[in-house]
Amino acid sequence: MQTIKPTTASNALRSIGRRSSHTAAAARRLSTTSSLQSPSRTLLLTSTNLLRSATNPARLQNPNIARQAPASNQTRNASSSSSSEPLAKTPLYDLHLAHGGKMVPFGGFHMPVQYTGLSVSQSHAFTREHSSIFDVSHMVQRIFTGPGAAAFLQRVTPSNLETLAPLKSTLSVLLQADGSGGIVDDTIVTRLPDRSGDGGNRFYVVTNAGCREKDDKYFEEELAKWDGESVNQEQLDGWGLVALQGPEAEAVLHRALDNPSELDLKTLYFGQSGFAQLKLKGMRVSSPLLISRGGYTGEDGFEISIPKEETVDVTEALLAAGPEKVQLAGLGARDSLRLEAGMCLYGHDLNDTTTPVQGGLSWVIPKERRSADAGYYGAEVISAQLTPKSKGGSGVPSRRVGLIVEGAPAREGAEIVSVPKDGGEPVKLGAVTSGCPSPTLGKNIAMGYVKDGHHKAGTELQVFVRGRPRKAVVTKMPFVPTKYWKGAAPA
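Residues numbered from 1 in each chain as written. Predicted model: local features only at pLDDT ≥ 70, side-chain atom pairs only at ≥ 80, totals over all residues. Heavy atoms only, no water.

A. Structural view of the sheet that holds strand β4 (residues 88-89). The sheet built from 3 strands is open, its strands ordered β4-β6-β5 with mixed pairing. Looking at strand neighbours, the two that pair on one side only are β4 and β5 (101-106), the edges of this open sheet. Bridge analysis of β4 against strand β6 (residues 109-115) gives 2 bridges, and the strand direction is parallel. Counterpart to Ala-88 in the pairing with β6 is Phe-109. (Pairing = 2+ DSSP bridges. Helix = DSSP H or I, 4+ residues; strand = E, 2+ residues; numbered from the N terminus.)

As structure tokens, this is what we get:
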């Protein structure tokens with residue numbers, strides 16, 4: 001078979017893949033306990049607006065630090081509604097059109113919200129029952145390298161990356177440099193295998209499409225201030241990123257592997273990664289691709305980082321399993337799937353003023369980094385919030401909760417109130433940040449923030465929908481149990 005040769009300058013991930021293409025043994029050695037316990041994967045999407053749209057048709061150098069140049073046209077950041085700049089296209093744009101994709105502006109790109117032949121709810125159900133491929137190439141893929149890479153990332157996130165094993169991932173958050181503990185963006189960080197001369201300090205970092213401009217500025221400013229050992233950042237401009245999600249995802253991917261023994265999917269657990277090549281048309285094989293087990297739907301699945309020129313071929317290799325097993329899915333289904341899984345959406349459920357504790361993401365902070373002197377931005381504030389007021393800490397004024405809402409679905413911005421037992425005026429507690437009908441449960445689900453003390457499961461509240469109060473019950477998340485692959489259940 002012919003192996004596609006790399007032709008672009010983005011060789012960082014490719015070179016790692018060549019040195020690490022036989023990683024099954026390494027994957028087996030990794031812990032089965034993933035750092036990704038309940039990922040708040042990053043797809044910036046307002047479901048209401050998108051569904052309405054669908055139905056109404058390089059680097060700057062100093063001696064020690066490398067920073068990327070301004071984003072190219074391929075990686076332009078643009079609001080889904082307000083930018084006057086031309087929208088960019090992912091490598092799969094033509095494939096979306098060929099499969100009847102209904103395209104909408106999103107994160108500066110033309111993105112499919114759904115496809116002809118399947119409604120959003122049907123696509124949602126197909127993902128839960130079989131598997132779907134989501135194009136997430138609009139998201140920003142970054143690689144940080146250099147002797148100071150781990151220490152640098154540990155200043156801007158609360159994660160312990162020095163102890164993160166190779167080819168293992170963790171959900172994390174970028175934190176405001178002002179010490180407030182606010183979240184700049186949420187992210188997934190993966191430690192890549194060692195390469196000669198880098199001391200093991202190679203990290204693959206995926207950030208939100210909708211935060212690209214803000215994140216680029218953030219990293220540029222932080223790298224400029226960094227006075228530790230050298231750090232380099234590279235963006236994989238134009239690269240593809242696809243998410244294969246659903247109970248049949250493993251079978252679909254296994255069928256496409258050129259050498260299944262190269263990457264043993266049964267021992268590649270949630271939150272782990274490996275490199276493998278896929279069979280392509282014409283007796284060709286792909287470059288070694290970084291394949292990460294995880295996703296944003298609550299289902300088992302994989303995310304695959306792909307060089308631009310191979311993205312269509314790799315996606316078609318996965319689709320070759322047949323439409324009864326796998327189909328393309330769009331932003332509409334992705335939003336309802338992630339909400340059922342209780343996953344946050346940056347810009348809605350998280351923002352610059354939300355701390356990890358308020359957002360229900362305390363679990364991303366390891367025990368060894370929970371002290372006020374942990375060394376990351378906002379550690380003093382966050383460490384105090386981790387301890388409730390009743391135990392001498394500061395606690396938090398509000399918390400993110402899940403809600404089951406009766407009647408009409410509650411959408412973003414709907415007021416959450418409590419009604420005094422004596423029949424007095426409703427007391428405002430917070431607001432809904434995401435909401436939609438759940439195709440799986442047949443109920444209206446939502447998440448939002450309420451004042452501390454009203455966040456316990458079973459608490460009865462009210463949500464104002466279209467000016468009318470609707471009963472809402474605080475519910476544990478995820479709404480639908482997750483199915484992450486963590487190994488076979490004991491017999």
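That shown, we press on.
B. Spatial organisation of the pairing of strand β13 (residues 240-245). Of all the 6 residues making up β13, 6 are buried; the element is thus mostly covered by neighbouring parts of the structure. Side chains Gly-240, Val-242 and Leu-244 project from β13 onto one buried face, and the interleaved Leu-241, Ala-243 and Gln-245 project onto a second face that is buried too. Note that strand β7 (residues 132-135) and β13 share 4 bridges and pair antiparallel. Bridge pairing in β13 links Asp-135 to Val-242. Note: β13 against strand β18 (residues 301-306), 6 bridges, orientation antiparallel. The partner of Leu-244 across the bridge, within β18, is Phe-302. (Buried < 20%, exposed > 50% of the residue type's maximum accessible area, 1.4 Å probe, protein only.)

C. Representation of the pattern of salt bridges within the structure. Throughout the structure, instances matching the rule amount to 19 salt bridges. Residue Arg-128 is joined to Glu-299 by a salt bridge in which the shortest nitrogen-to-oxygen separation is 3.1 Å. A residue pair is termed long-range when its members are at least 10 positions apart, and Arg-128 in helix α5 (residues 120-129) and Glu-299 in the loop between β17 (289-293) and β18 qualify at 171 residues. Neither residue differs from the other here; Arg-128 and Glu-299 are each classed as buried. Three or more residues joined by partner-sharing salt bridges are found here, namely Arg-128, Glu-299, Glu-340 and Lys-483. (Salt bridge = Lys/Arg side-chain N within 4 Å of Asp/Glu carboxyl O.)

D. Molecular detail of unusual backbone geometry. Here the amide bond leading from Met-477 into Pro-478 is cis, since omega sits at 5 degrees, within 30 degrees of zero. As for its position among the elements, Pro-478 is in the segment after β25 (468-475). Although it is not a glycine, Met-283 sits at a positive phi angle of roughly 60 degrees. With respect to the helices and strands, Met-283 occurs in the loop between β15 (279-280) and β16 (284-285).

E. Expanded view of helix α10 (residues 331-340). α10 sits mainly inside the fold: 10 of its 10 residues count as buried. Turning to α10, its buried residues number three or more, namely Leu-331, Gly-332, Ala-333, Arg-334, Asp-335, Ser-336, Leu-337, Arg-338, Leu-339 and Glu-340. Just downstream of α10, Gly-342 is the residue with a positive phi angle, here 75 degrees.

F. Molecular detail of the packing of aromatic side chains. A full pass over the atoms with the stated rule returns 5 aromatic pairs. Ring geometry for Phe-270 against Tyr-484: centres 4.0 Å apart, planes inclined by 10 degrees, an arrangement best described as stacked. Note that Phe-270 is positioned in the loop between α8 (249-256) and β14 (273-276) and Tyr-484 in the segment after β25, a separation of 214 residues in sequence. Pair check on accessibility: Phe-270 and Tyr-484 agree, each one buried. The positively charged end of Arg-334 is found above the aromatic ring belonging to Phe-134, 5.3 Å away from the centroid. (Phe/Tyr/Trp six-rings, centres within 6.5 Å; stacked < 30°, edge-to-face > 60°. Lys NZ or Arg CZ within 6 Å of the ring centre and 35° of its normal.)

G. Spotlight on the nonpolar core. Core analysis: the largest hydrophobic core is formed by 38 residues, its most contacted members being Phe-144, Phe-152, Leu-153 and Phe-203. Listing elements by their share of this core, those giving two or more residues are α6 (149-156), β9 (169-175), β10 (183-191), β11 (202-207), α7 (212-225) and α11 (379-386). For Leu-153, the residues in contact, after removing those within four places along its chain, are Phe-144, Leu-161, Phe-203 and Val-205. Counting residues in each nonpolar core, the second largest holds 29 residues, with Leu-253, Leu-257, Ile-291 and Ala-317 among its members. (Core = buried A, V, L, I, M, F, W, Y, C linked by side-chain atoms within 4.5 Å. Contact = heavy atoms within 4.5 Å.)

H. Spatial organisation of the sheet that holds β17. Taken together, the 6 strands give an open sheet; going across it, the order is β14-β17-β18-β13-β7-β19, and neighbouring strands pair in mixed fashion. Two strands bound the open sheet, and with one partner strand each, they are β14 and β19 (327-329). Recorded for the sheet is a direction-independent mean angle of 30 degrees between the axes of neighbouring strands. As judged from the 4 bridges shared by β17 and β18, these two strands associate in the antiparallel manner. Across the sheet, the residue bridging to Ser-292 is Glu-303, located in β18. Packing against the sheet, α8 makes contact with β13, β17 and β18, and its axis sits at approximately 40 degrees to β18. (Axes fitted to C-alpha atoms, helices over the stretch in contact; angles between N-to-C directions.)

I. Seen up close, the packing of α6 against α7. Put simply, α6 and α7 touch, their axes get as near as 11 Å, and they point 120 degrees apart. The angle between the axes of α6 and α7 places the two elements in the oblique class. As for the relative orientation of α6 and α7, their crossing is right-handed in sense. The segment α6 lies against α7, with Phe-152, Arg-155 and Val-156 engaging Tyr-218, Phe-219, Glu-222, Leu-223 and Lys-225. (Parallel < 35°, antiparallel > 145°, perpendicular 65-115°, else oblique. Left-handed = near helix turned anticlockwise from the far one by under 90°.)

J. A look at the pairing of strand β21 (residues 415-418). Here 4 bridges tie β21 to strand β22 (residues 427-438), and the two strands are oriented antiparallel to one another. Following the sheet pairing, Ser-418 is matched in β22 by Val-427. With 2 bridges connecting them, β21 and strand β24 (residues 460-465) associate as antiparallel partners. Each residue of the ladder has a partner; that of Val-417, found in β24, is Gln-462.

K. Expanded view of the environment of His-454. Along the polypeptide, His-454 turns up in the loop between β23 (443-451) and β24. Sequence separation between His-454 and Ser-418 is 36 residues; the distance between their C-alpha atoms is 8.8 Å. When sequence neighbours within four positions are dropped, the list of residues in contact with His-454 reads Ser-418, Leu-429, Thr-459, Leu-461 and Val-474.

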